[in-house]
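Report on the structure
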Amino acid sequence: MKKILAFALCGAVIFSSCSSLNNAVKGTAIGASGGAIAGAALGYLIGGDVKSAAIGAAAGTAVGGTTGAIIGNKMDKKAEELAALEAAKVETFEINGLQAIRVTFENGILFNTNSTTISPDAQKSLQQFAEAMTDLPDTDITIWGHADKTGTAEYNQKISQQRADAVEKTLKAAGLKNKIVAEGKSFDLPIASNETVEGRAQNRRVEVYVTANENMIKAAEAGTLK
């Protein structure tokens, strides 16, 4: 099971077929605590590495308790919907009152060994993801491709970027209009040991992050976010 660092992070919810905790309530608690946290800290918390970049342009935005609750409720509902995707692990996390969603696909599901061509089954799952996001246009999508520590850093950077790019291309072809950023992370952000076959399999993955953008934050502040 993935480890979520606890520093400045209220909690994470992993969705399957079960019901979730209420992020709207947690968003209120965090938002009311005040204090801006830099967007780069978000990358550190969810990636487990201080070299991680921020996810989403609004990641470091400080929001009030009510705004955090409204966004949290919206993200909760979307995460529960995305949990129906095949072969995907859906989690919610929060920092500084902003709720976000992480959808993780194993590279073994998306790609054949040493390939950057997305499998037909994975294309179907990504198509479903794009369709599910049509009613949430005021969010940013960040795609991270990850590799295990087999081969050189240069090779793994290249293939992780190509795989992230392939997911971006597939989502855009499926009609996703949200702002998308795709980044290859090589083997810099492992979630398991690279010393075992099982650990390396977990490290080969593609993560898709859904974060509120400035328009969503403004709508939540104005009370017009539905």
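Okay, so let's go over this structure. (Residues numbered from 1 in each chain as written. Predicted model: local features only at pLDDT ≥ 70, side-chain atom pairs only at ≥ 80, totals over all residues. Heavy atoms only, no water.)

Considering the packing of helix α3 (residues 65-82) against helix α8 (residues 214-222)
For the pair α3 and α8, the least separation of the axes is 8 Å and the interaxial angle reads 120°. Between α3 and α8, the interaxial angle falls into the category oblique. For α3 against α8, the interelement crossing comes out right-handed. Side by side, α3 and α8 meet where Thr-67, Ile-70, Ile-71, Lys-74 and Met-75 of the first sit next to Met-216, Ile-217, Ala-220 and Glu-221 of the second. (Axes fitted to C-alpha atoms, helices over the stretch in contact; angles between N-to-C directions. Helix = DSSP H or I, 4+ residues; strand = E, 2+ residues; numbered from the N terminus. Parallel < 35°, antiparallel > 145°, perpendicular 65-115°, else oblique. Left-handed = near helix turned anticlockwise from the far one by under 90°. Contact = heavy atoms within 4.5 Å.)

Considering α3
Under the 1.5 Å per step criterion, the end-to-end length of α3 is 25 Å for 18 residues, consistent within 8% with the ideal 26 Å. Residues Gly-65, Thr-67, Gly-68, Ala-69, Ile-71, Gly-72, Met-75, Asp-76, Lys-78, Ala-79 and Leu-82 constitute the buried set of α3. (Expected span 1.5 Å × (residues − 1). Buried < 20%, exposed > 50% of the residue type's maximum accessible area, 1.4 Å probe, protein only.)

Structural notes on the nonpolar core
Of all hydrophobic cores here, the largest spans 40 residues; its most connected members are Val-103, Phe-129, Ile-143 and Val-167. Counting residues per element, the ones that place at least two in this core are α3, β3 (98-106), α5 (120-132), β4 (139-146), α6 (153-173), β5 (179-184), β6 (205-212) and α8. Sorting elements by how many residues they give to this core places α5 first, with five residues. Counting five residues, the second largest nonpolar core, distinct from the first, contains Phe-93, Ala-100, Leu-189 and Tyr-209. (Core = buried A, V, L, I, M, F, W, Y, C linked by side-chain atoms within 4.5 Å.)

Some remarks on the packing of α5 against α6
Where α5 meets α6, the closest approach of the two axes is 9 Å, and the angle between their N-to-C directions is 55°. Taken together, the axis directions place α5 and α6 in an arrangement best described as oblique. Crossing angle aside, the handedness with which α5 passes α6 is right-handed. Across the interface between the two elements, Leu-126, Phe-129 and Ala-130 from α5 touch Val-167, Thr-170 and Leu-171 from α6.

Considerations on the pairing of β4
A large share of β4 lies buried, amounting to eight of its eight residues. Judged from the eight bridges that link them, β4 and β6 form a sheet pairing that is antiparallel. Within the sheet, the bridge partner assigned to Ile-143 lies in β6 and is Val-208. By the bridge criterion, six bridges tie β4 to β5 in an arrangement that is parallel. Of the residues in β5, the one forming a bridge with Gly-145 is Gly-184. Read as a crossover between parallel neighbours, the route from β4 over α6 to β5 is right-handed. (Pairing = 2+ DSSP bridges. Right-handed = clockwise from strand over helix to strand, strands pointing away.)

Looking at the packing of aromatic side chains
Summed over all chains, the structure comprises two aromatic pairs. With centroids separated by 6.1 Å and ring planes inclined at 80°, the aromatic side chains of Phe-93 and Tyr-209 adopt a geometry described as edge-to-face. Pair noted here: Phe-93 is in strand β2 (residues 89-95) and Tyr-209 is in strand β6, with a separation of 116 residues, a long-range link. Considered together, Phe-93 and Tyr-209 belong to a single accessibility category, that of buried residues. (Phe/Tyr/Trp six-rings, centres within 6.5 Å; stacked < 30°, edge-to-face > 60°.)

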